[in-house]
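Coordinates in review
Chain by chain, the residues run as shown.
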Amino acid sequence: MIKLRIIFFLLIAACNITYAQLSTQEIAVLKTNMVKAVENAKLTDSLFTKLNKLPNKTALITGYTGTLEALKAKHSWNPYNKIKYVSQSLKTMQKAIDMDKENMEIRFMRFSIEFYTPAFLGFSKDLATDKKEIIKHYQNENFGLADDELVKNVARFMIDSKKCTPADIKILKKHL
C-alpha cells in the first residue's frame, strides 16, 4: 500500500513538473506570438497571464515571462508603471539566468530589454556581461535548442546594436 502511495505521489509530481514544459510546437507558437506582442498590449497581457499560471516554470518560460513584463512596460502609458514593470522584468530575467546561465536565448532577451531601456534609468547594467556571453556562444557554436532562424536573428540584432567590437562582428557574421 505504501509503494502504491509513493508511485501515485511521484506520478502526480511528474505531471505537475511536466505541465510547465511546453511542447516544441507550443514554444514555436509562443515565439511567434511574442513577436506580435511587441505591438499588441492585449496579446502581451494574455500571454503573460497564461505563462504566469504555469507551475514549476523552466528557465526559458521564466525568461519569456520576464520579456512579457518588459512589454507591459512598453505598452503602459503611466511612467511609474513603466519603471515598475521594467524593474520586475529584470528581476525575473535574473531568476531565469540563475536557473540556466548557459541559455543564449535568455541572455539575448535580457540584452534586448536592457538595450531598449533608457540608460539614465540605471537598468542597463548587464549589457556588457550578456554581450560577452552571447559572443561566447557564437564563438563556441553552442546554441543549445535555438533554431537557425533565432541564431541568425540574434546575430543581426547584436551587429545592429553597435555594442559589438569588430572582432565580435566577425564571429557573428559567420552565422548569418
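Scroll up to find the structure.
Nothing here was measured: the structure is a model prediction, and the numbers come from that model. (Residues numbered from 1 in each chain as written. Predicted model: local features only at pLDDT ≥ 70, side-chain atom pairs only at ≥ 80, totals over all residues. Heavy atoms only, no water.)

With that settled, the discussion passes to the nonpolar core. Among the nonpolar cores identified, the biggest contains 27 residues, and Leu30, Leu51, Ile61, Tyr64, Leu68 and Ile106 are the most heavily contacted of them. Taken together, the elements giving at least two residues each to this core come down to helix H2 (24-37), helix H3 (41-53), helix H4 (59-75), helix H5 (79-99) and helix H6 (104-116). With 8 residues, the top contributor of residues to this core is H4. In contact with Tyr64, not counting residues within four places along its chain, are Ile27, Leu30, Lys31, Met34, Leu51, Glu105 and Met109. Phe111, Ile134, Ala146 and Leu150 belong to the second-largest nonpolar core, a separate cluster that totals 19 residues. (Core = buried A, V, L, I, M, F, W, Y, C linked by side-chain atoms within 4.5 Å. Buried < 20%, exposed > 50% of the residue type's maximum accessible area, 1.4 Å probe, protein only. Helix = DSSP H or I, 4+ residues; strand = E, 2+ residues; numbered from the N terminus. Contact = heavy atoms within 4.5 Å.)

It is worth spelling out the packing of H6 against helix H7 (residues 127-140) at this point. In contact at an axis separation of 9 Å, H6 and H7 are set at 145 degrees when each is read in the N-to-C sense. Between H6 and H7 the crossing geometry is left-handed. Between H6, through Met104, Arg107, Phe108, Arg110, Phe111, Glu114 and Phe115, and H7, the contact on the second element is made entirely by Leu127, Thr129, Asp130, Lys131, Glu133, Ile134, His137 and Tyr138. Each residue belonging to the contact of H6 with H7 can be placed in one class, and the counts come to 7 nonpolar, 2 polar and 6 charged. (Axes fitted to C-alpha atoms, helices over the stretch in contact; angles between N-to-C directions. Left-handed = near helix turned anticlockwise from the far one by under 90°. Nonpolar A, V, L, I, M, F, W, Y, C, P; charged D, E, K, R; others polar.)

With 21 residues, H5 extends 30 Å from end C-alpha to end C-alpha; this agrees with the ideal 30 Å at 1.5 Å per step. Residues of H5 that are buried include every one of Val86, Ser89, Leu90, Thr92, Met93, Ala96 and Ile97, and no others. Taken end-on, H5 shows its buried residues confined to a sector of 165 degrees, consistent with a single buried face. Exposed side of H5, more than 90 degrees from the buried face: Tyr80, Lys91 and Lys95 are the residues found there. For H5, the secondary structure elements touched by its buried residues are H4, H6 and H7. The N-terminus of H5 is capped by Asn78, whose side-chain oxygen sits 2.8 Å from the backbone nitrogen of Tyr80. (Expected span 1.5 Å × (residues − 1). Arc of directions from axis to C-beta. Polar contact = N/O pair within 3.5 Å; in protein donor to acceptor, adjacent residues only side chain to side chain.)

Time to look at the side chain of Glu114. You can see Glu114 is positioned in helix H6. Nearest to the buried, unbridged Glu114 among oppositely charged side chains is Arg110, at 4.4 Å. Residues within four places of Glu114 in sequence aside, it is in contact with Leu90, Phe123, Ser124, Lys125, Asp126 and Leu127. (Lys, Arg positive; Asp, Glu negative; His and termini not counted. Salt bridge = Lys/Arg side-chain N within 4 Å of Asp/Glu carboxyl O.)

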